[in-house]
Amino acid sequence: MAGLDEVFEATVASLDARQQRRHRRVVAPLEGATLQADGRALLSFAGNDYLGLARHPALVEAAHRGARQYGVGATASPVVCGHSPAHAALEEELARFVGMPRALYFYAGYAANSGAIPALVERGDAVISDALNHACLIDGARLARADLSVYPHNDLAGLERALVAARGARRRLVVADAVFSMDGDLAPLPEMLALCERHDAWLYVDDAHGFGVLGEGGRGSLSHWGLATPARHASRLIYMATLGKAAGVAGAFIAGAPAVVEWLMQRSRTFFFATGAPPMIAEALRTSLQLIESEGWRRERLAALRVQLTEGLAGLSWPAPPSACAIQPVILGDNATAMAVMAALEAQGLWVPAIRPPTVAEGSARLRISLTAAHQPDDVVRLCTALARVHAKLAATPPV
Ligand SMILES: Cc1ncc(COP(=O)(O)O)c(C=O)c1O
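Note that the coordinates shown come from a computational prediction; the quantities given were computed from them, not determined experimentally. (Residues numbered from 1 in each chain as written. Predicted model: local features only at pLDDT ≥ 70, side-chain atom pairs only at ≥ 80, totals over all residues. Heavy atoms only, no water.)

K.L.:
Can you tell me about the site of the ligand, naming the residues and giving the values?
P.N.:
Every residue near the ligand is listed here: Ala108, Gly109, Tyr110, His134, Cys136, Asp177, Ser181, Asp206, Ala208, His209, Thr242 and Lys245. In the model, an oxygen atom of the ligand is placed 2.8 Å from a nitrogen or oxygen of the Gly109 main chain. Here an oxygen atom of the ligand and a side-chain polar atom of Lys245 are 2.8 Å apart. Starting from 380 Å² of accessible surface for the ligand in isolation, the protein chains cover 81%. Residue composition of the shell around the ligand, by class: four nonpolar, five polar and three charged. (Near = heavy atom within 4 Å. Polar contact = N/O pair within 3.5 Å; in protein donor to acceptor, adjacent residues only side chain to side chain. Areas by Shrake-Rupley, 256 points an atom, 1.4 Å probe, with all protein chains shown as cover. Nonpolar A, V, L, I, M, F, W, Y, C, P; charged D, E, K, R; others polar.)

Shown next, in the form of structure tokens:
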């Protein structure tokens, strides 16, 4: 057998050859949405801090307060001695906020999905998954060893066919992003819930990119779709949202019927066998929740920026599917073009990430523009001007 270094030098080189190698930058915040990346100031459209809360002084102060009160580490799993009064209060507040009977806080969204799904279903059950679901939903289904079937993106007829085909399974769990992370479009949750009712299935919704942004007071996708009393649906519906994006902090929660949440606490291995998140994170999140609700101007700012961006992209030939949230894809096709456009924008002081396979399908490499309430209208003008310049330059360059 070849040595470790030899094997993995070759595999990393193959990523280079396909333009799929990722590089980290050392990033520190500057003013507004500007970041210092490897020593250079760049106006960022790269993060998921959609409401601009990640550096809010009230959250920073809440984290300090939590650290002073509880120290910086949870010291153990929540089921041993890692569940503080801050965590307990946060879970109650999260449940109340989204209108579900009970909530369970996880240290990360990845852990929530990859831990909860195997607790809900197992071999002999069926997981039915949208083709564009996030990796951690898919990993959850794989870990569950359930039969996994994938329906075409947002295709209700395809979902119904999959539900019919899974009729023989003991349990049927439909899993979907509520807002698709690389496309910014929404899953039609009311119709999906109706299909689940008709075919006696459960619906697991991952609202990582809708929580805080969509719905009344930022309550997320269920509220956006008029599922205003989610508790009424709790015998069929499980709601998950992450707290490291619009909420500006870290972690995730799953909300649902009390018995479901109790079972997830007993059997989600990523919850049970992992040290709890620091209590100061829970304190910061409690403050974040208050600001999400009370500072509606952040969602209004986002909505205005989105209109401005849509208008700015309209003159370009690159497909920019309409988005109802903070995420705006611009589809460029091949990896080399996506990387070239990203580099050209960066040369103008802008950071707009190029998203390539395996994050998106082969041939659909894109820019993923993400707006935040920390952006100013002038920032979007700068972005649109720079994009138009790169677009014109590419159009004038004959393909090699
Ligand atoms: C749809 C979706 N679910 C889950 C996650 C994972 O969440 P976290 O970053 O908190 O682990 C992400 C994000 O990055 C996501 O986009």
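Don't stop here, the text continues.
K.L.:
Could you give an account of the sheet that holds strand E14 (residues 365-370), with specific residues and numbers?
P.N.:
Within a beta sheet, neighbouring strands are joined by backbone hydrogen bonds and run either parallel or antiparallel to one another. The three strands lie next to each other as E11-E14-E13, forming an open sheet whose pairing is antiparallel. Since the sheet does not close on itself, it has two edges, and those belong to strand E11 (327-333) and strand E13 (354-355), each with one partner. Judged from the six bridges that link them, E11 and E14 form a sheet pairing that is antiparallel. Its bridge partner lying in E14, Ile331 is registered against Arg366. (Pairing = 2+ DSSP bridges. Helix = DSSP H or I, 4+ residues; strand = E, 2+ residues; numbered from the N terminus.)

K.L.:
Please give an account of the domain arrangement of the protein chain that cites residues and values.
P.N.:
One can read the domain layout of the protein chain as domain 1 (19-51 + 296-396) and domain 2 (57-294). The C-alpha centroid of domain 2 is placed 27 Å from the C-alpha centroid of domain 1. Facing 17 residues of domain 1, the contacting portion of domain 2 comprises 20 residues. Roughly 1,500 Å² of surface becomes buried between domain 1 and domain 2 when both sides are summed, with 59% attributable to carbon and sulfur atoms. On the domain 1 side of the contact with domain 2, Tyr50, Leu51 and Arg299 bury the most area, a combined 32% of that side's loss. Run the count over domain 1 and domain 2 and you get one salt bridge. A salt bridge links Arg366 to Asp183; the nearest nitrogen and oxygen atoms lie 3.1 Å apart. Elements that contribute at least two residues to the side of domain 1 that touches domain 2 include exactly helix H12 (297-313), E11 and E14. Taken together, the residues that form the side of domain 1 that touches domain 2 break down as nine nonpolar, four polar and four charged. (Domains from an automatic or database assignment. Contact = heavy atoms within 4.5 Å. Buried area = accessible area lost by both parts, 1.4 Å probe. Salt bridge = Lys/Arg side-chain N within 4 Å of Asp/Glu carboxyl O.)

K.L.:
I'd like a rundown of the sheet that holds strand E1 (residues 27-29), residues and numbers included.
P.N.:
If you walk across this open sheet you meet the four strands as E1-E2-E3-E12, and the pairing is mixed. Because the sheet does not close on itself, it has two edges, and the strands there are E1 and strand E12 (350-351). Sheet analysis places strand E2 (residues 34-37) next to strand E3 (residues 40-44), joined by four bridges and oriented antiparallel. Across the sheet, the residue bridging to Thr34 is Leu43, located in E3.

K.L.:
Could you give an account of the packing of aromatic side chains, naming the residues involved and the relevant values?
P.N.:
Evaluated as defined, the whole model comprises five aromatic pairs. With 5.4 Å between their ring centres and 70° between their planes, Phe211 and Phe253 make a pair best called edge-to-face. In this pair, Phe211 is assigned in the loop between strand E8 (202-206) and helix H8 (221-224) and Phe253 in strand E10 (residues 252-256), connecting sequence segments 42 residues apart. Under the relative-accessibility criterion, Phe253 is labelled buried at 0%. (Phe/Tyr/Trp six-rings, centres within 6.5 Å; stacked < 30°, edge-to-face > 60°. Buried < 20%, exposed > 50% of the residue type's maximum accessible area, 1.4 Å probe, protein only.)

K.L.:
Provide a residue-level description of the nonpolar core, including the pertinent values.
P.N.:
In this structure, Val174, Met192, Phe211, Tyr239, Phe253, Leu345 and Leu387 are the most contacted members of the largest nonpolar core, which totals 94 residues. With residues near it in sequence (within four places) discarded, Tyr239 still touches Val98, Met100, Val205, Asp207, Phe211, Arg219, Gly220, Ser221, Leu222, Phe253, Ile254 and Ala255. Judged by nonpolar contacts, the second largest core, of 23 residues, contains Leu104, Ala119, Ala146 and Ile254. (Core = buried A, V, L, I, M, F, W, Y, C linked by side-chain atoms within 4.5 Å.)

K.L.:
Which residues make up the pattern of salt bridges, and what values do they have?
P.N.:
Evaluated as defined, the whole model comprises 16 salt bridges. For Arg172, the salt bridge is made with Asp200, and the minimal N-O distance between the two is 3.9 Å. Of the two residues, Arg172 is situated in strand E7 (residues 172-177) and Asp200 in the loop between helix H7 (189-198) and E8; the sequence distance between them amounts to 28 residues. When its relative accessible area of 47% is taken as the criterion, Asp200 is described as partly exposed. One network of salt bridges, with partners in common, ties together Arg65, Glu93, Glu283 and Arg286.

K.L.:
Before we move on, could you go through helix H3 (residues 85-98) and cite the residues and values that matter?
P.N.:
Under the 1.5 Å per step criterion, the end-to-end length of H3 is 20 Å for 14 residues, consistent within 8% with the ideal 20 Å. The element H3 is largely enclosed, with a buried count of 10 among its 14 residues. Taken residue by residue, H3 has Ala86, His87, Ala89, Leu90, Glu91, Glu93, Leu94, Ala95, Phe97 and Val98 as its buried positions. Against the buried residues of H3 lie helix H2 (57-70), strand E4 (102-106), strand E9 (237-242), E10 and helix H11 (279-294). Just beyond H3, the residue with positive phi is Gly99, at close to 75°. (Expected span 1.5 Å × (residues − 1).)

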